[in-house]
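Overview (structure and organization)
Listed here are the chains, written in short residue letters.
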Amino acid sequence: MSVLDDIVAGVRDDLEQRRASVPVADLRAALADVAQPRDPMPQFRAAGSSVIAEVKRKSPSKGELADIPDPADLAAAYARGGAAAISVLTEQRRFGGSLDDLRAVRAAVDTPLLRKDFIVESYQLVEARAAGADLALLIVAALGDDDLRCLHDEARELGLTVLVEVHDEAETERAVALGAELIGVNARNLKTLAVDDDTFGRLAPMIPDDRVLVAESGIGGRDDVQRYVGGGARVVLVGETLVRDGDPERAVREMTGVHA
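Residues numbered from 1 in each chain as written. Predicted model: local features only at pLDDT ≥ 70, side-chain atom pairs only at ≥ 80, totals over all residues. Heavy atoms only, no water.

All right, on to the sheet that holds strand β10 (residues 235–238) then. Remark on secondary structure: sheet strands pair via backbone hydrogen bonds, oriented parallel or antiparallel. Taking strand neighbours around the barrel as the criterion, the eight strands line up as β1-β4-β5-β6-β7-β8-β9-β10 in a closed arrangement whose pairing is parallel. Within the sheet, the average angular offset between the axes of one strand and its neighbour, ignoring direction, is 25 degrees. Direction of pairing for strand β9 (residues 212–216) relative to β10: parallel, over a ladder of three bridges. Paired with V214 across the bridge in β10 is V235. Each of β7 (161–166) and β8 (182–186) touches helix α8 (residues 169–178); the most contacted strand, β7, lies at about 155 degrees to it. (Pairing = 2+ DSSP bridges. Helix = DSSP H or I, 4+ residues; strand = E, 2+ residues; numbered from the N terminus. Axes fitted to C-alpha atoms, helices over the stretch in contact; angles between N-to-C directions. Contact = heavy atoms within 4.5 Å.)

Structural data, given as structure tokens:
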């Protein structure tokens, strides 16, 4: 079993517990009280780099990253720094996140929010909207073609912007064929946790110019942002570097607006 398979198995177990506690009908009823989703795409398509700043406590590859007693405070710093969107890890077992983190961040900022998780069922998309998310992540490696298309379509019906994540050539072909508008290239292979610094350079040319390209993993500062923007990225998703920085507001600001 790969690392990704193990993570998804745990996600499914936790999902069943939440579904037993809160039926999907209750979640859908709650949507009536949720504000309309915020659209990050105009900002993502603007000239220069946009930053998706991540609230991330730990990861399977690095373990504990940062003590984040108040995710809302961190998110507020990101927003002040000019983050175009804020990603909130909600997977609990490997990343130490929760939907409560997402709700807390939503209450604190008006910035578009990404639910960062291993979404494998439509229930999780409704959860995301009910908690105030504006974007949702779909990882191509975790989904078959039928599930990927169904989840992508349902997310859009809910008003969510979909970040479709790829790691290799075959996944990139699937994302492009899907019609994904926002495609993230992750240099970290979630099946092995190995990082290949050449991944972005290999995959970016496969993605049409009318899509918005997001660079994920391996971003340590402005120089890395410059390199990715030069390779075609409009957006960078940054987690570890920001949660470990003593001044996340300044760090986000330095990564924002970088031109090729």
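Further remarks concern the layout of surface pockets. Volume-wise, the largest pocket comes out at about 500 Å³. For the largest pocket, the lining is made up of 32 residues, of which E54, K56, N186, R188 and S217 are closest to its centre. Looking at the lining of the largest pocket, the elements with two or more residues in it are α1 (3–21), β6 (135–139), β10 and α11 (240–243). The residue makeup of the lining of the largest pocket, split by class, is 15 nonpolar, eight polar and nine charged. Its boundaries defined by the atoms lining it, the second largest pocket holds a volume of some 330 Å³. Taken together, 21 residues form the lining of the second largest pocket, with R18, T90, L99, R115 and E127 sitting closest to its centre. Split into classes, the residues belonging to the lining of the second largest pocket amount to seven nonpolar, six polar and eight charged. (1 Å grid on protein atoms, 1.4 Å probe; cavity = no way out; pocket = protein on both sides within 12 Å on 5 of 7 lines; lining within 4 Å. Points joined across faces, edges and corners; volume = space filled by probe spheres on them. Nonpolar A, V, L, I, M, F, W, Y, C, P; charged D, E, K, R; others polar.)

This part is about the pattern of salt bridges. For the structure on display, the rule yields 27 salt bridges. The residue R38 makes a salt bridge to D134 at a minimum N-O spacing of 3.6 Å. Of the two residues, R38 sits in the loop between α2 (24–30) and α3 (41–45) while D134 sits in the loop between α6 (122–130) and β6, which places them 96 residues apart along the sequence. Among the residues examined, R38 registers a relative accessible area of 23% and is labelled partly exposed. Taking the shortest distance from any N to any O, the salt bridge between R106 and D134 comes out at 2.7 Å. Of this pair, R106 sits in helix α5 (residues 99–108) while D134 sits in the loop between α6 and β6, and the two are 28 residues apart along the sequence. Accessibility assignment for this pair places R106 and D134 in one class, buried. The network of salt bridges with shared partners includes R12, E16, R19 and E121. (Salt bridge = Lys/Arg side-chain N within 4 Å of Asp/Glu carboxyl O. Buried < 20%, exposed > 50% of the residue type's maximum accessible area, 1.4 Å probe, protein only.)

Turning our attention to the pairing of strand β5 (residues 113–116). Of the two faces of β5, both are covered, the one formed by L113 and R115 as well as the one formed by L114 and K116. Where strand β4 (residues 85–89) meets β5, four bridges bridge the pair, whose relative direction is parallel. From the neighbouring strand, S87 faces β5, where its bridge partner is L114. Both β5 and β6 contribute to a ladder of two bridges, which runs parallel. Within the sheet, the bridge partner assigned to L114 lies in β6 and is L135.

The next subject is the nonpolar core. Side chains of nonpolar character tend, in soluble globular proteins, to be buried together. Ranked by internal contacts, the top residues of the largest apolar core, which has 88 residues, are F44, Y78 and I86. Excluding its chain neighbours within four sequence positions, the residues that come into contact with I86 are I52, A53, V55, A75, Y78, A79, V105, V109, T111, P112, L113 and L114. (Core = buried A, V, L, I, M, F, W, Y, C linked by side-chain atoms within 4.5 Å.)

Locating A20 in the fold gives a position in helix α1. When its relative accessible area of 69% is taken as the criterion, A20 is described as exposed. For the pair A20 and L65, spaced 45 residues apart in the sequence, the C-alpha separation amounts to 32 Å.

Right, let's get into unusual backbone geometry. Non-glycine residue L193 carries a positive phi angle of around 70 degrees. Here L193 is to be found in the loop between β8 and α9 (199–203). Here S217, not a glycine, exhibits a phi torsion of approximately 80 degrees, which is positive. Here S217 shows up in the loop between β9 and α10 (222–230).

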